[in-house]
Amino acid sequence: MRYVSCRDDQGSVADESACFHLPKPSATEMCTVTPCGQWKPLEWSSCSVTCGQGKATRQVICINYSDQLVDRSECDPDDLPATEQDCSMSPCHPNSHDYGRPIHPFLYPDHRLKLHPGGSPNRNRAHIPGGNQWRIGPWGACSSTCAGGFQRRVVVCQDENGYTANNCDEKSKPMEQRSCESGPCPQWAYGNWGECTKPCGAGTRTRLVVCQRPNGERFTDLSCEILDKPPDREQCNVQDCPRDAAWSAGPWSSCSVSCGRGQKHRSVYCLSKEGRHVEEDYCKHLAKPNVQKKCRGGRCPKWKAGDWGQCSVSCGQGVQRRTVRCHSGTPKATEEAECDPAGRPPPQRDCHLPECPTHRWAAGEWQACMKTCGEASRYRKVVCVDENKQLQNSGYCDASKRPPEIESCGLPPCEYVWITGEWSECSVTCGKGYRQRLVSCSEIYTGKDHYEYGYQNTVNCPGTQPPNIQPCYLGECPVSASWRVGNWGSCSVTCGVGVMHRSVQCLTNDDQVSSLCHADLKPEERRTCHNVHDCELPRSCKDVKNLKGVTEDGEYFLQVKGKTLKVYCSGMQTDSPKEYVTLVNGDAENFSEVYGYRLHNPTECPYNGSRREDCQCRKDYTAAGFSTFSKVRLDLNTMQIITTDLQFAQTHDGRPVPYATAGDCYSAAKCPQVFDNSIS
């Protein structure tokens, strides 16, 4: 609200009719404030006692202006209504007894009176000699709801069989009537008169009039004598207002505080009817308006603590933590400096759990996943140790608290793509030849910053495999011929002297049969072969051991599929010796390698594809390794090398690489790929 008046050109207050030709400014406008919570007390409970002095309690909740329940911190704790008050019931009778639960009603079958006790068998009877006894019923309701009354109950004399009797002792007869007090009757109570609505000229003032008991318990107006209700409204300041001078109040100032409780002030002047300031004595016959009033700013910031977290340990002494922040009750952020640092709740406290057992489970580091995508698991070692971290039997530790030894790697699904290398040079310098390139099915690891490539089964890749060989033609070659020889065939005998054959042909450059070759230069087509060894040779290393009684590892001749082979027998001390082929050049030239360096940018091709360790690379390829071989194992049944046997292999770097295996993921660009694999 604000004060709006009509003024003349000297600034004095004028009659509003002098300003009728001008639009009058608004004296009020809507304003928006943060909704405040307000306390709402619920109904008082019954008195805690049935006689004498007791306590009545009630619940007080915090609600907003829409009667919705809000957090108690939204309401002012200084304004919290009382939650407990004294209450008075009727005085306790000196001979009264608390009979616990109410007894059952009377039943009169066959002219006998049965009273069922609510507690022990003797609680509703008074014993007398001879077996007859007084029996009592429950007290009836009080005859008055307030200001005192009386209660009645049934008292009868019965014999031991429950029949009505007449010879009970009258002196011990329990009382049949007693006074009861339901508390004082409610009466009209009224407060002080409020301010008059007008300083003069007949105003109105009001006051609160309620029906209540002396302890403050309120009732509806119908519970009190309605005709005696004091008035709650009356006229005031009925005297005529003087026309010479009147009080004039200015607008209220802003609240003196930005939060909490404060005061507002305003100026009050005594003005003449012409609008001039005059002495206050001219207005002293009128009630002077208040020059200050209480006000309340926004809610003051205060510390707000969250719930305590779990203890930092599962046994012994640890620490609990919670969040503590400065809260203003508004959506905007509040700096901690706005709250009183002295009143800051502690953000942590000690917690004490049962003493730790002397034996506990100790878990090692998780091993790296063998895969980088798809379903995979990783493992770790879990052992039972004592307080000195010495390994103990697992039975000393709690099996229910054993940490897991295996867990899923949680890898993304695998994706595959065909990778092709550059075409090689043509296999001939003239005529028809072929050229080839590397084609592999590679896995794309989408979880990394850059693509990584590895070799997978070709069935994983989508679509048809790109060709890895294609014909090439470099023009007709000049016609010339030369002798071409094939490989020597097998010896005609497995032992002793025999004959070997091979094919010898005169062929041109384009592999056509020709007669242009010199007969004197024709290589031989057959020659003798002589096996100096005994024709009865063992067929396996196991035969060598069993037939000749040899137990030392070494080189031996075996007859395999009609051929005599020199084989290294290993494990001759065991029941199952194994056959190995000794590589002529040893491990110096027989190695398998998967190159470990990969370019950060797999699409470039630095140094023309040559491998250099000073490249912009990372060495994190999990399948990389370098192994050398001096011997390889031979499967005599299939006459194939068992590439995964690493008994006579040495791994110099990374993971073991099977024999005849090689590759790298140096670059995905179309540049020469280096696949080092030397079998000699």
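Scroll up for the structure.
Remember, predicted model here, so these are calculated numbers, not experimental data. (Residues numbered from 1 in each chain as written. Predicted model: local features only at pLDDT ≥ 70, side-chain atom pairs only at ≥ 80, totals over all residues. Heavy atoms only, no water.)

K.L.:
With reference to specific residues and values, describe the overall build of the chain.
P.N.:
Tallying secondary structure elements over the chain gives 1 helix and 49 strands in all. Within the span of the chain, comprising 680 residues, buried residues form 29% of the whole. Put simply, 58% of the contacts in the chain that link residues at least 6 apart link residues at least 24 apart. When the accessible surface of the chain is summed, it comes to about 45,100 Å², and 49% of that surface belongs to carbon and sulfur atoms. (Helix = DSSP H or I, 4+ residues; strand = E, 2+ residues; numbered from the N terminus. Buried < 20%, exposed > 50% of the residue type's maximum accessible area, 1.4 Å probe, protein only. Contact = heavy atoms within 4.5 Å. Areas by Shrake-Rupley, 256 points an atom, 1.4 Å probe, with all protein chains shown as cover.)

K.L.:
I'd like a description of the pattern of salt bridges, backed by residues and values.
P.N.:
Taken as a whole and judged by the stated rule, the model has 19 salt bridges. A salt bridge links Glu234 to Arg205; the nearest nitrogen and oxygen atoms lie 2.4 Å apart. You can see Glu234 sitting in strand 16 (residues 233-236) and its partner Arg205 sitting in strand 13 (residues 203-206), a full 29 residues away along the chain. Owing to a relative accessible area of 27%, Arg205 belongs among the partly exposed residues under this scheme. Salt bridges sharing common partners tie together Asp76, Asp79, Arg261 and Arg296. (Salt bridge = Lys/Arg side-chain N within 4 Å of Asp/Glu carboxyl O.)

K.L.:
Summarise the environment of Cys87; cite the residues concerned and give the values.
P.N.:
If you trace the backbone, Cys87 turns up in strand 6 (residues 84-88). Linking Cys87 and Gly54, residues 33 residues apart in sequence, is a C-alpha distance of 5.3 Å. Dropping the residues within four chain positions of it, Cys87 is found in contact with Cys47, Ser48, Gly52, Gln53, Gly54, Lys55, Ala56 and Asn215.

K.L.:
Could you give me a rundown of the side chain of Arg502, with the residues and numbers involved?
P.N.:
With respect to the helices, strands and loops of the structure, Arg502 is situated in the loop between strand 35 (496-501) and strand 36 (504-508). The side chain of Arg502 sits in the buried core without any salt bridge; Glu524 is the nearest counter-charge, 5.0 Å away. A polar contact of 2.9 Å, which involves the side chain of Arg502, links it to the backbone oxygen of Glu524. Setting aside chain neighbours within four positions, we find Arg502 in contact with Val485, Gly486, Asn487, Trp488, Pro523, Glu524 and Glu525. (Lys, Arg positive; Asp, Glu negative; His and termini not counted. Polar contact = N/O pair within 3.5 Å; in protein donor to acceptor, adjacent residues only side chain to side chain.)

K.L.:
Just give me the short version of the packing of aromatic side chains, but keep the residues and values in it.
P.N.:
For the structure shown, the criterion picks out 5 aromatic pairs. An angle of 75° between the planes, with centres 4.9 Å apart, marks the rings of Tyr580 and Phe648 as edge-to-face. Taken together, the positions of Tyr580 in strand 40 (residues 578-582) and Phe648 in the loop between strand 46 (640-642) and strand 47 (649-654) put the pair 68 residues apart, joining distant regions of the chain. Ring plane angle 80° and centroid distance 5.0 Å describe the contact between Phe629 and Tyr659, whose orientation is recorded as edge-to-face. Here Phe629, found in strand 44 (residues 625-629), pairs with Tyr659, found in the loop between strand 47 and strand 48 (662-664); they are 30 residues apart in sequence, far enough to count as distant. Look at Tyr659 and you get buried, because its relative accessible area is 7%. An aromatic cluster is present here, built from Tyr568, Tyr580 and Phe648 joined pairwise through their rings. Between Lys631 and the ring centre of Tyr568, over which it is positioned, the NZ or CZ distance is 4.5 Å. (Phe/Tyr/Trp six-rings, centres within 6.5 Å; stacked < 30°, edge-to-face > 60°. Lys NZ or Arg CZ within 6 Å of the ring centre and 35° of its normal.)

K.L.:
Any details on the sheet that holds strand 14 (residues 209-212)? Residues and values, ideally.
P.N.:
Across the sheet, 3 strands lie side by side as 12-14-15; this open sheet has antiparallel pairing. The sheet is open, and its two edges are formed by strand 12 (187-190) and strand 15 (218-219), each paired on a single side. Both strand 14 and strand 15 contribute to a ladder of 2 bridges, which runs antiparallel. Residue pairing in the sheet places Gln212 in a bridge with Arg218 of strand 15. (Pairing = 2+ DSSP bridges.)

This is a description of form; function is not addressed.
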